[in-house]
Amino acid sequence: MTALPAPRPARRRRRGAGRGPSAWVYATLAAVLLASTFPLYWSFVIASKDNSALGEATPPLVPGGNLFANIARVFDTVDFWGAIQNSLIVAGSVTVSNVLLSSLAGFAFARLRFRGRNTLFLVVVGTAMVPTQLGVIPLYLMMAELDWYGQLQAVIFPALVSALGVFLMRQACEESVPPELVEAARMDGCSVLGTFWHVGLPAIRPQAAVLAMLTFMTAWNDFFWPLIVLDPNDSPTVQVAVSTLASGYFTDYSLMLAGTSLGVLPVIALFLLLARQVVGGIMQGAVKG
């Protein structure tokens, strides 16, 4: 009778396998969350107090009762409603234009074959290496020649498309748009724009949401160029209006931070609106990377 082979010893389970994240992971995440949100909370605390709160021996950590009074002073000091409206127009226009044009350019560089494609892409990416300050003087002269000084189009048109957006959308199309689907759509008689709209754009929607969030935040927080080309007393954006609150014989930090807290709200609202798409786009890039 043949002897049965001896059973193999059970493998030792690797230590920690199958367990959830350790307490150190949660502690690190909590510390990062606290460090990220504390500046916003502290700005809200100072905005809810009077200016003398900064002179206290113990830094204030609990909100006060002057928030609505300080907000009312913000709207009495500057035309903050007009500044919010101008910033929404500028940031919204720049965001829509960047997402659309960058997606079109990225799709063309990734899935269309034409002469000089790689060279042209290198030129586009190379423009991102040029500091913004180098183009201020010629750009200002151009706006003056077009008689656009003090008008919102002077802020919108120079930012309609960015090299970073083209690069991100080109990488997204390379990873998410299979060339076989593009060829199949073209063989079915779909035009280039139709192929982009029905095949390319749905595939890169998460990455487009990330680009939209980054573009809106950049345009909303832009201070340098709007300060130069817009009239601070006539058609400012939110950031220029906040800088006006900080001007004077002394800085009223409660007033300034009340305006800053109001200016942050649209960015937070947009992030909450696009949170699922933004996280999906980031995670998709992380997995494929």
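Being a predicted model, the structure only gives us computed values, none of them experimental. Note on numbering: residues in each chain are counted from 1, in written sequence order. pLDDT decides what is reported in this predicted model: residues at 70 or higher carry local features, side-chain atom pairs at 80 or more are listed and counted, and totals for whole chains, interfaces and linings draw on all residues regardless. Side-chain numbers come from the whole structure's heavy atoms, not from hydrogens or water.

**Quick word on the packing of aromatic side chains**
Classification of ring pairs rests on two measures: the distance between centres of Phe, Tyr or Trp rings, Trp counted by its six-membered ring, which must be within 6.5 Å, and the angle between planes, read as stacked under 30 degrees, edge-to-face over 60 and tilted in between. According to the stated counting rule, one finds 9 aromatic pairs in the structure shown. Centroid distance F75 to F80: 5.7 Å. Interplanar angle 85°. Geometry classified as edge-to-face. Only protein chains enter the accessibility calculation, which uses a 1.4 Å probe. A residue is then buried if its area is under 20% of the maximum for its type, exposed if over 50%, and partly exposed in between. A relative accessible area of 24% places F75 in the partly exposed class. Relative to W220, the ring of F216 has its centre 5.8 Å away and its plane inclined at 20°; by these criteria the two rings are stacked.

**With respect to the pattern of salt bridges**
Basic side-chain nitrogens of Lys or Arg form a salt bridge, by our definition, when they fall within 4 Å of a carboxyl oxygen of Asp or Glu. Applying the stated criterion across every chain yields a total of 3 salt bridges. Two residues, D252 and R73, come together in a salt bridge whose shortest N-O distance is 2.9 Å. Of this pair, D252 sits in the loop between α12 (238-245) and α13 (253-288) while R73 sits in helix α2 (residues 67-77); the two residues are 179 residues apart in sequence, bridging distant segments of the chain. We note a salt bridge from R111 to E174, for which the minimum N-O separation is 3.5 Å. Here the residue R111 occupies a position in helix α3 (residues 80-111), and E174 occupies one in helix α7 (residues 163-176), the gap between them amounting to 63 residues. For R111, a relative accessible area of 13% translates into the label buried. For the purposes of this entry, the term helix denotes a DSSP run of H or I that reaches at least four residues, the term strand denotes a run of E that reaches at least two, and both are numbered from the N terminus.

**Points about the UniProt feature "transmembrane region" (unreviewed entry) in the chain**
UniProt positions are given in the numbering used here, feature names are shortened, and annotations may be inferred rather than shown by experiment. Sequence positions flagged by UniProt for "transmembrane region" (unreviewed entry) are, in local numbering, residues 21-42, 88-108, 120-142, 148-169, 208-228 and 253-275. Secondary structure across residues 120-142 comprises 61% helix and 0% strand; the distance between its end C-alpha atoms is 25 Å. Along residues 208-228, the helical share is 90% and the strand share 0%, with 30 Å between the first and last C-alpha atoms.

**Quick notes on the environment of S261**
The residue S261 is located in helix α13 in this model. For the pair formed by S261 and Y41, sequence separation is 220 residues and the distance between their alpha carbons is 9.3 Å. Each residue touching S261, except ones within four places of it in the same chain, is listed here: S43, F44 and A47. When checking whether two residues touch, look at their non-hydrogen atoms; a contact exists if any pair is within 4.5 Å.

**Thoughts on the environment of F114**
When you line up the elements, F114 lands in the loop between α3 and α4 (117-126). Classification of F114 by relative accessible area gives partly exposed; the value is 35%. Once residues within four sequence positions are removed from consideration, F114 is found in contact with A108, F109 and L120.

**Focus: the nonpolar core**
Nonpolar side chains in soluble globular proteins tend to end up buried together. In this description, a nonpolar core means a group of buried Ala, Val, Leu, Ile, Met, Phe, Trp, Tyr and Cys residues linked to one another through side-chain atoms lying within 4.5 Å. One finds V74, F80, V177, W220, V229 and V238 to be the most contacted residues of the largest nonpolar core, which totals 52 residues. Looking at which element gives the most residues to this core, the answer is α3, with 9 residues. Residues in contact with V74, not counting those within four places in the same chain, are F80, L245, L255, A258, G259 and L262.

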